[in-house]
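Examining the three-dimensional arrangement
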Amino acid sequence: MKKMNIGMEETVRRAVVEGLSRLLADTYVLYLQTQNFHWNVTGTLFGILHPMLEAQYTELAGGVDVIAERIRALGFPAPATFVEFTELSSIKEARGITKAENMIEILLEGQESIVRRTRDILPIVNEYKDESSATLLADRRLVHEKAAWMLRSLLS
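This text gives an overview of the structure that appears in the document. (Residues numbered from 1 in each chain as written. Predicted model: local features only at pLDDT ≥ 70, side-chain atom pairs only at ≥ 80, totals over all residues. Heavy atoms only, no water.)

**Examining the layout of surface pockets**
Its volume calculated, the largest pocket comes out at about 320 Å³. K3, M4, N5, E10 and R13 are, among the 14 residues lining the largest pocket, the residues nearest its centre. Counted by class, the lining of the largest pocket contains five nonpolar, three polar and six charged residues. For the second largest pocket, the full set of lining residues is Y28, V29, L32, Q33, N36, F82, F85, T86, I91, K92 and E93. Secondary structure elements with two or more residues in the lining of the second largest pocket: helix 1 (10-40) and helix 3 (82-88). Considering every element that reaches the lining of the second largest pocket, the biggest residue donor is helix 1, with five residues. Looking at the lining of the second largest pocket, its residues break down into six nonpolar, three polar and two charged. (1 Å grid on protein atoms, 1.4 Å probe; cavity = no way out; pocket = protein on both sides within 12 Å on 5 of 7 lines; lining within 4 Å. Points joined across faces, edges and corners; volume = space filled by probe spheres on them. Nonpolar A, V, L, I, M, F, W, Y, C, P; charged D, E, K, R; others polar. Helix = DSSP H or I, 4+ residues; strand = E, 2+ residues; numbered from the N terminus.)

**As for the pattern of salt bridges**
Enumeration over the complete set of coordinates arrives at eight salt bridges. In this structure, the salt-bridge partner of E112 is R152, at a minimum N-O distance of 2.4 Å. Taken as a pair, E112 in helix 4 (residues 100-127) and R152 in helix 5 (residues 131-155) lie far apart in primary sequence, 40 residues in all. As a salt-bridge pair, E145 and R119 come within 2.9 Å of each other at their nearest N and O atoms. Here the residue E145 occupies a position in helix 5, and R119 occupies one in helix 4, the gap between them amounting to 26 residues. Relative accessible area serves as the criterion here: at 33%, E145 is assigned to the partly exposed category. (Salt bridge = Lys/Arg side-chain N within 4 Å of Asp/Glu carboxyl O. Buried < 20%, exposed > 50% of the residue type's maximum accessible area, 1.4 Å probe, protein only.)

**A word on the packing of helix 2 (residues 46-73) against helix 5**
Interaxial distance between helix 2 and helix 5 falls to 11 Å at its minimum, and their mutual angle equals 165 degrees. With respect to helix 5, the axis of helix 2 lies roughly antiparallel. Judged by the sense of rotation from one axis to the other, the crossing of helix 2 with helix 5 is left-handed. Contact residues: I48, L49, M52, Q56, E59, L60, G63, V66, I67 and R70 in helix 2; S132, S133, L136, R140, V143, H144, A147, M150, L151 and L154 in helix 5. Its residues assigned to classes, the contact of helix 2 with helix 5 comprises twelve nonpolar, five polar and three charged. (Axes fitted to C-alpha atoms, helices over the stretch in contact; angles between N-to-C directions. Parallel < 35°, antiparallel > 145°, perpendicular 65-115°, else oblique. Left-handed = near helix turned anticlockwise from the far one by under 90°. Contact = heavy atoms within 4.5 Å.)

**Focus on the packing of aromatic side chains**
Tallying each qualifying case throughout the model produces four aromatic pairs. Between Y28 and Y31 the ring centres are 5.7 Å apart and the planes differ by 50 degrees, which places this aromatic pair in the tilted class. Remark: Y31 and Y28 occur in helix 1; sequence separation between them is three residues, near one turn of the helix. Joined through ring pairs, the aromatic side chains of Y28, Y31, Y57, F82 and F85 make up one cluster. (Phe/Tyr/Trp six-rings, centres within 6.5 Å; stacked < 30°, edge-to-face > 60°.)

**Focus: helix 4**
With 28 residues, helix 4 extends 42 Å from end C-alpha to end C-alpha; this agrees with the ideal 40 Å at 1.5 Å per step. Maximal helix bending in helix 4 amounts to about 30 degrees, located at I121; proline P123 follows within four positions. Positive phi appears at K129, one or two residues downstream of helix 4, with a value of about 55 degrees. (Expected span 1.5 Å × (residues − 1). Bend = angle between axes of the 7 residues up to and from the residue.)

**Structural notes on the packing of helix 1 against helix 2**
Axis separation between helix 1 and helix 2 bottoms out at 9 Å; the angle between their running directions is 160 degrees. Considering the angle they form, helix 1 stands roughly antiparallel to helix 2. Viewed along their axes, helix 1 and helix 2 form a crossing whose handedness is left-handed. Of the residues belonging to the contact of helix 1 with helix 2, the class tally is 16 nonpolar, eight polar and two charged.

Written as structure tokens, this is what we have:
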């Protein structure tokens, strides 16, 4: 492949990609968790949660693609295995969750975790004047802040 010349040295791109790879892993793990809970929710909150979680996991699937494509645009392979996602993600898989309220709490923590992750990466992309990645982070944060607000509202 031809050498990349986009005004960012490889070491700079690598630093950005390390953060984006963690964001990708967090997003993918939350996607799976959200889809799991969409499939398995029961009880009085079913009518509210089932469509809400479908909308959230559909959005997360799109987010995974956007983040992975940014990593590729920076010249690196995107992590794409369960092993890599497990190693990189700060979000841990929750098994055996049956109560809707617990599902909401777990998903809320996941959404807020991704918001924090975007904030952690932002200084790196700002330092290297990577406006494209900064825009991606801002867009993703907005989505996750809204999803967290919606989930939090169900717990009030």
